[in-house]
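Architecture and fold: a report
Read off the chains here:
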Amino acid sequence: MELSDYIRQAAEKAGSISALSRALGINQPEVSKAANGRGRLPLDKVIQIADMIEADRIAVISANELVTEKKPEKRDFWSHLLASPSSASYIRHMMN
């Protein structure tokens, strides 16, 4: 999934993009920009979204990072985490 998908789910749960923005404590244009694939959100806000929609935090963080990451090796890293069925086990594997 892409960040915009996660944001849409959270906005549906909150009632609207404006309501989501208020719940996150950030301005609505920042959330709209991220929802349209033109920007990232702060890490703490991404985790709040993941928790709100009961999504895997690492998957949502990865989707957030992929919005603006240009380096192929970093894109590959985040893409693997996004695709991994168990992000936590992938991270442990990468650290060993």
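Residues numbered from 1 in each chain as written. Predicted model: local features only at pLDDT ≥ 70, side-chain atom pairs only at ≥ 80, totals over all residues. Heavy atoms only, no water.

Some details on the overall build of the chain
A tally of regular secondary structure across the chain gives seven helices and zero strands. In the chain, the succession of helices and strands from N to C terminus is α-α-α-α-α-α-α. Relative to its full complement of 96 residues, the chain shows a buried share of 38%. Partitioning the intrachain contacts of the chain with sequence separation of at least 6 by distance along the chain shows that 43% fall at a separation of at least 24. Approximately 5700 Å² of the chain is accessible, and the part contributed by carbon and sulfur atoms is 51%. (Helix = DSSP H or I, 4+ residues; strand = E, 2+ residues; numbered from the N terminus. Buried < 20%, exposed > 50% of the residue type's maximum accessible area, 1.4 Å probe, protein only. Contact = heavy atoms within 4.5 Å. Areas by Shrake-Rupley, 256 points an atom, 1.4 Å probe, with all protein chains shown as cover.)

Regarding the packing of aromatic side chains
Centre distance and the angle of the planes are the two values used to describe a pair of aromatic rings. In total, this model carries one aromatic pair according to the counting rule given. Ring geometry for Phe77 against Trp78: centres 5.1 Å apart, planes inclined by 75°, an arrangement best described as edge-to-face. Residue class for Trp78 comes out buried when judged on its relative accessible area of 18%. (Phe/Tyr/Trp six-rings, centres within 6.5 Å; stacked < 30°, edge-to-face > 60°.)

Thoughts on the packing of helix α1 (residues 3–14) against helix α3 (residues 28–35)
Here α1 crosses α3 at 130°, and the two axes come no closer than 8 Å. By the angle between their axes, α1 is oblique relative to α3. Two secondary-structure elements touch here, α1 through Leu3, Ser4, Ile7 and Arg8 and α3 through Val31, Ala34 and Ala35. Its residues placed into classes, the contact of α1 with α3 shows five nonpolar, one polar and one charged. (Axes fitted to C-alpha atoms, helices over the stretch in contact; angles between N-to-C directions. Parallel < 35°, antiparallel > 145°, perpendicular 65-115°, else oblique. Nonpolar A, V, L, I, M, F, W, Y, C, P; charged D, E, K, R; others polar.)

Remarks on the pattern of salt bridges
As a working rule, side chains carrying opposite charge can pair if their charged atoms are close by. A complete count under the given rule lists four salt bridges for this structure. Of the charged contacts in the structure, one is a salt bridge between Glu65 and Arg40, with a shortest N-O distance of 3.0 Å. Of this pair, Glu65 sits in helix α5 (residues 57–66) while Arg40 is found in the loop between α3 and α4 (43–52), placing the two residues 25 residues apart along the sequence. Residue Glu65 is classed as buried on the basis of its relative accessible area, which comes to 15%. The salt bridge involving Asp44 is made with Lys45; its shortest N-O contact spans 3.7 Å. Using a relative accessible area of 43% as the deciding quantity, one classes Asp44 as partly exposed. Since its relative accessible area comes to 13%, Lys45 is described here as buried. (Salt bridge = Lys/Arg side-chain N within 4 Å of Asp/Glu carboxyl O.)

Structural notes on unusual backbone geometry
Positive phi values are uncommon outside glycine, yet Glu54 reaches one of about 55°. In this structure, Glu54 sits in the loop between α4 and α5.

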